[in-house]
Every structure is written in C-alpha cells, then in structure tokens.
Amino acid sequence: MDMPTSQRGRDLLDGAKPFARKPGFLARLVAPGFGKILDRIDGAIVSGAIRATLPDGTKRVLGGRKPGFECDVELRSWNALVRLASNGSVGWYQAWEAGEWWSSDPVPLFALFMQHASRLGDTARAKGPFRHGLKLAHLVNRNTHEGAQKNISAHYDLGNDFYAAWLDPTMSYSSGLGIADDDLEAGQRRKWDALASRLGDHQRLLEIGCGWGALADFFASRGSDVTAISLSDEQLQWARQRHDPAVDFRKQDYRDAAGSYDAIVSVEMVEALGQEYWPTFMDCIARNLKPGGRAAIQYISMRDELFDDYAKSADFIQAYIFPGGLLIRTSEFRELAEERGLEWRDQADFGLDYAETLRIWREAFDRAERDGALPQGFDAQFCNLWRYYLMYCEGGFRGGGIDVHQVTLVKEGEI
C-alpha cells in the first residue's frame, strides 16, 4: 500500500525549488567537455585521490600523487559533471539526488574539494547565468524581520521530536569542544565552560539565539540573571518547559533587543544573518553591552581567500538547509567589532571538533532512521537530503576551508 506523501520538512525542500536547474543545452554549452572537467580536477589535486568509475565502466584515478583524503566515486551519468560545472555544489547535490553519482562515503570527496578549493577555481562553482540565477534566488531569502522569521522556522521548526532523535541529550545544535571517544555531551559541556571562562563574573546576561535553552539554563545555574532570545517557536516551547523558569525566554529578533547587560553570549547564530546584517549584529552587541562588559561569540567562518567567490552565489547549504545564511569572513567581522569599540580577544579555532560533532550526529541520525526512531512524516527524499548535509559539512571542516571559532569581545570603558 502506498504511504501518504510526507509533509514534514517540505518548507525546506520546496524553498529550494528556485535553485533547481536541470541540465540542458545551455548547461552543456557552459560546461567544457567531460574529459576536460576531469582533467582540471586531476590537475588541481596535489594530495589525496578520487578513484572514479565512469559511466562507460572505465576507471580513472584523479590525483593520487601524495597521501591525503581518498574516496571512491561511481559516476553513473555524465549529467552529474554538467550539473557540477554549471551549477556548482547545488548541481552536485541535485545530481546525487537524481542518482547520477554515488559514493559509499562522500565525506573525503567533500574534504578534497574544500582542501583544493583555491586550485580548483571555478571548476566546481556555478557559472554565468546559473551563478546569477542562484544569487537572485538567494536574495529572496534576505533576513529582513519577516524574512528571518520565515528562514528560521523553515529549519528550526522541523520539530523538537526530530532533533531529539539524533542530537545529544543537551539538545545542543553546535560544535562541541575537545570531542573524544564519541562523548559528545561532555564536549558540549566543555564548550559551555569555555564560554563561561570568557565572560568571567557577571550578573545580567543576554543570549542571542538560545536554541533549545540548555546554555541559558547552564548560566542560570551559575547565578546569572539570563534573558535568552530566539525566533523559533518550537525551540522556545521546549526551553520553557524543560529549563529553569527564572530564565526569561523571549521570542525576539536580535535587532529589537534593548537592555544593559554585563555579558552577552551567542553560539553559531551569526551565520544565519547574511553579510549585509553583520554590522547590525555588532551594533546589537555594542548597544546592549555595558562598558567593560564581555561578549563570547562562537561562529563558523569561510577561509578569507575563498570568501569572495563563495559569496558571489549560493551554495548547497544556502539553497537547501539554511535559507538566507552565509558563513563569516573573520577579517571583516573583526573589523566591524573594532569599529564599534569592541576589542577582539583570544580567538580559538577548533574546526576538527566540528567535523567530529557532525560525524556523531550523522551516525545518530542513521541509527534513528534505521531503528524507526525518527518521527513520522519525513520521507526518504528529506532523510537523504539531511544525511547529505551532515556529510557535506563534515567534509568541509575536515578539508579546512571552513572553521569554527570562539572569541571574546570586550566593550571599551569600565563597568
């Protein structure tokens, strides 16, 4: 008997439709010959290897000159290369979804592409009308007040039961710190301790983007008077039901926050804003922080030399997972902070911890799907998308093109 069509997760899937481009005559004009695409990839890879099986059954090794990431890829249709060459990472995912390429473990493939992104140049990036089309589609998802609510809901309101099926018991949806022996919950708590050490003694604390509330609850248990804001109805419902009632969990846009706080904490929220709103975020920090106060920020960055090409279009993550999002360029983010009298201190980088966090999430997600522990309503298309997202991000961190950081911002003056 046919199962009814799934409805959960459709906002993300439907929201990606404007980014879809089927390979056609124009795409074939934009893309060079298939052999040339493979030659370019081969020439760019200086370490590691792709062992490819081509649609005609022949085999070819790309790279293989020095040790590094290695992966096996079955290229089932030349259309996959057309999509990659014309529509970049968005096209490469669409080829995966269409069954045009396959790998039992694509994480090292994603790591190879990220590691060699500068050498690959535009080989795996959207080009010409496809790049402009992606950019226009991404602009529709700008994080205006109304747009931010829509974008946050599409991702974070998939359901608390969905996230609880594969996140650790703290419901932390961000990188842990010092991940070892698959003990993710301990790594999340180490992250909290690191953030707390950056803030020192304080009385009033604002958390911008509080998720499911565990970090706010942690600070409240240490005696802080905590205000925690989010735009996700699902997350706020969970937080209010399960955490310290003394925490003021508010549905509020960061742009509307107005108060006087000794400390501010924000964990992996700024990636949701888009570049045009980075100054507004720093205005929020400077406006709400008392003189001498401290902010502890955890954020995800794109390597500076890759950022301009990355920001010219929209990638797979922006099209399918985080509408309106954009990773941070650290140099620009720091400059914006310092222009507002916020001293940038003690930056710590721990990208491989995020790779491990993502691996553990993916393994938990796979177990949940296999054991029937995912809530009903998520169809195979959505589950395949989600697994691909976790693998894609893990590869990005392992390849070093993206990283995660903690930094302390100190406002000029004395409390």
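These remarks concern the structure in this document. (Residues numbered from 1 in each chain as written. Predicted model: local features only at pLDDT ≥ 70, side-chain atom pairs only at ≥ 80, totals over all residues. Heavy atoms only, no water.)

**Some points on the sheet that holds strand β9 (residues 289–302)**
Reasoning step 1: A sheet is described by the order of its strands in space; here 7 strands give the open sequence β7-β6-β5-β8-β9-β11-β10, paired in mixed fashion. The open sheet is flanked by β7 (248–251) and β10 (342–349), the only strands paired with a single partner. If you compare each strand with its neighbour and ignore which way they point, the axes differ by 20° on average.
Reasoning step 2: The sheet contact formed by strand β5 (residues 204–208) and strand β8 (residues 261–267) spans 3 bridges and is parallel. Residue E207 lies in a different strand from β8, and its bridge partner there is V265.
Reasoning step 3: Sheet strands in contact with helix α13 (residues 278–288) are β5, β8, β9, β10 and β11 (402–411), and its direction is about 155° off that of β9. (Pairing = 2+ DSSP bridges. Helix = DSSP H or I, 4+ residues; strand = E, 2+ residues; numbered from the N terminus. Axes fitted to C-alpha atoms, helices over the stretch in contact; angles between N-to-C directions. Contact = heavy atoms within 4.5 Å.)

**Some words on the environment of D193**
Reasoning step 1: For D193, the location among the structural elements is in helix α10 (residues 184–199).
Reasoning step 2: Counting along the chain gives 22 residues from D193 to L215, while the straight-line C-alpha distance between them is 10.0 Å.

**Side note on the environment of A257**
Reasoning step 1: One can find A257 in the loop between β7 and β8.
Reasoning step 2: Note: C-alpha distance between A257 and L206 (51 residues apart in sequence) is 9.1 Å.
Reasoning step 3: Excluding residues that lie within four positions of it along the chain, A257 makes contacts with L206, I229, Q252, C284, R287 and N288.

**Focus on the packing of aromatic side chains**
Reasoning step 1: Applying the stated criterion to the full structure yields 48 aromatic pairs.
Reasoning step 2: When the centroid spacing of 6.2 Å and the interplanar angle of 75° are considered together, the rings of Y163 and W386 count as edge-to-face. Here Y163, found in helix α9 (residues 160–164), pairs with W386, found in helix α18 (residues 380–398); they are 223 residues apart in sequence, far enough to count as distant.
Reasoning step 3: For W386, a relative accessible area of 0% corresponds to the buried category.
Reasoning step 4: Between W166 and W386, the aromatic rings sit 6.1 Å apart at their centres with planes inclined by 65°, giving edge-to-face as the arrangement. (Phe/Tyr/Trp six-rings, centres within 6.5 Å; stacked < 30°, edge-to-face > 60°. Buried < 20%, exposed > 50% of the residue type's maximum accessible area, 1.4 Å probe, protein only.)

**Focus on helix α14 (residues 304–311)**
Reasoning step 1: Among the residues making up α14, those that are buried are L306, F307, Y310 and A311. The arc that holds every buried residue of α14, seen down its axis, measures 120°, which confines them to one face. (Arc of directions from axis to C-beta.)

**Some points on the environment of A348**
Reasoning step 1: Inspection of the secondary structure puts A348 in strand β10.
Reasoning step 2: The class for A348 is partly exposed, based on a relative accessible area of 30%.
Reasoning step 3: Residues A348 and T408, spaced 60 residues apart in sequence, show a C-alpha to C-alpha distance of 9.5 Å.

**Here's the deal with the nonpolar core**
Reasoning step 1: Membership of the largest hydrophobic core comes to 114 residues, with the highest contact counts inside it found for I50, W101, W166, F281 and W386.
Reasoning step 2: The element that contributes the greatest number of residues to this core is α18, accounting for 11 residues.
Reasoning step 3: With residues near it in sequence (within four places) discarded, W101 still touches V73, E74, L75, R76, A80, W92, A95, W96, P106, L109, F110 and Y388.
Reasoning step 4: In this structure, L199, A216, F219 and V226 belong to the second largest nonpolar core, which totals 22 residues. (Core = buried A, V, L, I, M, F, W, Y, C linked by side-chain atoms within 4.5 Å.)

**As for the pattern of salt bridges**
Reasoning step 1: Evaluated as defined, the whole model comprises 28 salt bridges.
Reasoning step 2: The shortest N-O distance in the salt bridge between E100 and R83 comes to 2.8 Å. In this pair, E100 sits in the loop between α4 (79–97) and β4 (101–102) while R83 sits in helix α4, placing the two residues 17 residues apart along the sequence. For the residue pair E100 and R83, the accessibility class agrees, reading buried in each case.
Reasoning step 3: For E363, the salt bridge identified is with R359, shortest N-O distance 3.2 Å. You can see E363 and its partner R359 sitting in helix α17 (residues 351–370), 4 residues apart, about one turn around the helix.
Reasoning step 4: What you see here is one network of salt bridges that share partners, running through E356, R359, R362, E363, E394 and R398. (Salt bridge = Lys/Arg side-chain N within 4 Å of Asp/Glu carboxyl O.)

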